[in-house]
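What follows is the residue order along each chain.
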Amino acid sequence: MSETHGKNYNLRDEIKAYWSARAAHFDLSPGHEIFSEDERQAWRALIEKHLGAGNGRPALDLASGTAVVSHLMDDAGFRVTGLDWSETMLALARTKAKKRGRDITFRTADAENTMEPDGAYDVIVTRHLVWTLVDPAACFAEWMRVLKPGGKLLIVDGDFVNVGFAEKLVKRLAAFAERIGLIRPEISHAPAELAGKHAEILSQVHFSQGARAGDVAAMLQQAGFESVTIDTELQKIHRAQAKHLSFFKATARGLQHRYAICAQKPL
Ligand SMILES: C[S@@+](CC[C@H](N)C(=O)[O-])C[C@H]1O[C@@H](n2cnc3c(N)ncnc32)[C@H](O)[C@@H]1O
């Protein structure tokens, strides 16, 4: 906890403030917002592979941020509700939905305590939330509660802590190429002053040692989910994103442990 805050300001408040501070720049990054029809199609294929056609079924996008995934789900025919605890993110999400003329509902809530009714959703989808959860076990129990029997959960996430040998090498090569003026410095869309805050938060969350797909899947099984499947076939998405990234960044990204996990609430 930062010394400038009183006792009632906890890790959850820090995470909320961190994402609120990143909201204005969030959609500038490839990997967050979608910049090509190829990428949109690749996401759409992943959604359909695991969740089937929307057909107007209710879907909850947890930690919806600026609503990139909410729009993919809406495009796929789901009736989407997006939840996030950052009002700043939600304001951008509402503006985007208005601009695209989409009827997506957004509500402020904690993914650990959604305040949604029991058995309300056929589908829950959540991208890039699990790695930053304070209490994933409590969240998975909550998500089980709001799913209908037979309902499906689709998590898209990654381990952004453990950097493998190949990724380290690529990053070192990039730094060297930058130093000798071979390439221009990578544009970062996260304000520089937030880098320290990111590290401080990461060191305190449940998956501070990295959210490995196997560990997340095991926790889902403990929470009672069935048919837990890990999918690392995300190459089409990464290839489409690579067109908007530098060679080094795209290569490093392709080497990271990124995955989708699909799991089902028992009937
Ligand atoms: C990396 S962003 C991902 C946004 C979006 N899911 C996407 O993939 O574009 C993380 C988001 O999670 C939200 N968040 C983090 N922890 C949360 C929690 N416990 N409950 C609700 N929102 C949360 C943040 O406010 C932020 O908008």
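Below or above, wherever it landed, is the structure these notes cover. (Residues numbered from 1 in each chain as written. Predicted model: local features only at pLDDT ≥ 70, side-chain atom pairs only at ≥ 80, totals over all residues. Heavy atoms only, no water.)

Considering the sheet that holds strand 3 (residues 105-108)
Pairing is mixed across the open sheet formed by seven strands, whose spatial order is 3-2-1-4-5-7-6. Because the sheet does not close on itself, it has two edges, and the strands there are strand 3 and strand 6 (226-231). Pairwise comparison of adjacent strand axes, ignoring direction, gives a mean angle of 15° for this sheet. Across three bridges, strand 1 (residues 58-62) lies against strand 4 (residues 121-127) in parallel orientation. Residue pairing for strand 4: Ala59 is matched across the bridge by Val123. (Pairing = 2+ DSSP bridges. Helix = DSSP H or I, 4+ residues; strand = E, 2+ residues; numbered from the N terminus. Axes fitted to C-alpha atoms, helices over the stretch in contact; angles between N-to-C directions.)

Here we look at the pairing of strand 3
Note that strand 2 (residues 79-84) and strand 3 share four bridges and pair parallel. In the sheet register, Asp84 faces strand 3, and the bridge partner there is Thr108. Handedness of the β-α-β unit built from strand 2, helix 4 (residues 87-100) and strand 3 comes out right-handed. (Right-handed = clockwise from strand over helix to strand, strands pointing away.)

Here we look at the packing of aromatic side chains
Following the criterion strictly, the structure yields five aromatic pairs and no others. Taken together, a centroid distance of 4.9 Å and an interplanar angle of 80° make the contact between Tyr18 and Trp19 edge-to-face. A single burial state applies to Tyr18 and to Trp19, both of which are buried. Ring-pair connections join several aromatic residues into one group, and the members of that group are Tyr18, Trp19, Phe26, Trp131 and Phe160. (Phe/Tyr/Trp six-rings, centres within 6.5 Å; stacked < 30°, edge-to-face > 60°. Buried < 20%, exposed > 50% of the residue type's maximum accessible area, 1.4 Å probe, protein only.)

What to know about the environment of Phe248
Relative to the helices and strands, Phe248 resides in helix 10 (residues 247-255). By relative accessible area, which is 18% here, Phe248 ends up buried.

A word on empty space enclosed by the protein
Considering all chains together, one arrives at four cavities of 30 Å³ or more under this definition. Here the largest cavity is characterised by a volume of approximately 80 Å³. What lines the largest cavity is simply Gly31, Trp43, Arg127, His128, Val156, Asp157, Leu234, Ile237, His238, Gln241, Arg253 and Arg258. Residue assignment for the lining of the largest cavity shows that the elements contributing at least two residues are strand 5 (147-159) and helix 9 (235-242). The element that contributes the greatest number of residues to the lining of the largest cavity is helix 9, accounting for three residues. Of the residues in the lining of the largest cavity, the class split is four nonpolar, four polar and four charged. (1 Å grid on protein atoms, 1.4 Å probe; cavity = no way out; pocket = protein on both sides within 12 Å on 5 of 7 lines; lining within 4 Å. Points joined across faces, edges and corners; volume = space filled by probe spheres on them. Nonpolar A, V, L, I, M, F, W, Y, C, P; charged D, E, K, R; others polar.)

Remarks on unusual backbone geometry
One non-glycine residue with positive phi stands out, namely Ala63, at about 60°. Assignment of secondary structure puts Ala63 in the loop between strand 1 and helix 3 (68-75). The phi dihedral of Ser227 falls on the positive side, at around 45°, and the residue is not glycine.

Thoughts on the pattern of salt bridges
Pairing is possible between side chains of opposite charge, provided their charged atoms come close. Under the counting rule described, the total for this entry stands at 19 salt bridges. Among the salt bridges present, the one from Lys243 reaches Asp38, with a minimum N-O distance of 3.0 Å. Of the two residues, Lys243 is situated in the loop between helix 9 and helix 10 and Asp38 in helix 2 (residues 37-51); the sequence distance between them amounts to 205 residues. You can call Asp38 partly exposed: its relative accessible area is 43%. One salt bridge in this structure joins Arg102 and Asp75, with 2.7 Å as the shortest N-O distance. Taken together, the residues span a long stretch of sequence, with Arg102 in the loop between helix 4 and strand 3 and Asp75 in helix 3 at a distance of 27 residues. (Salt bridge = Lys/Arg side-chain N within 4 Å of Asp/Glu carboxyl O.)

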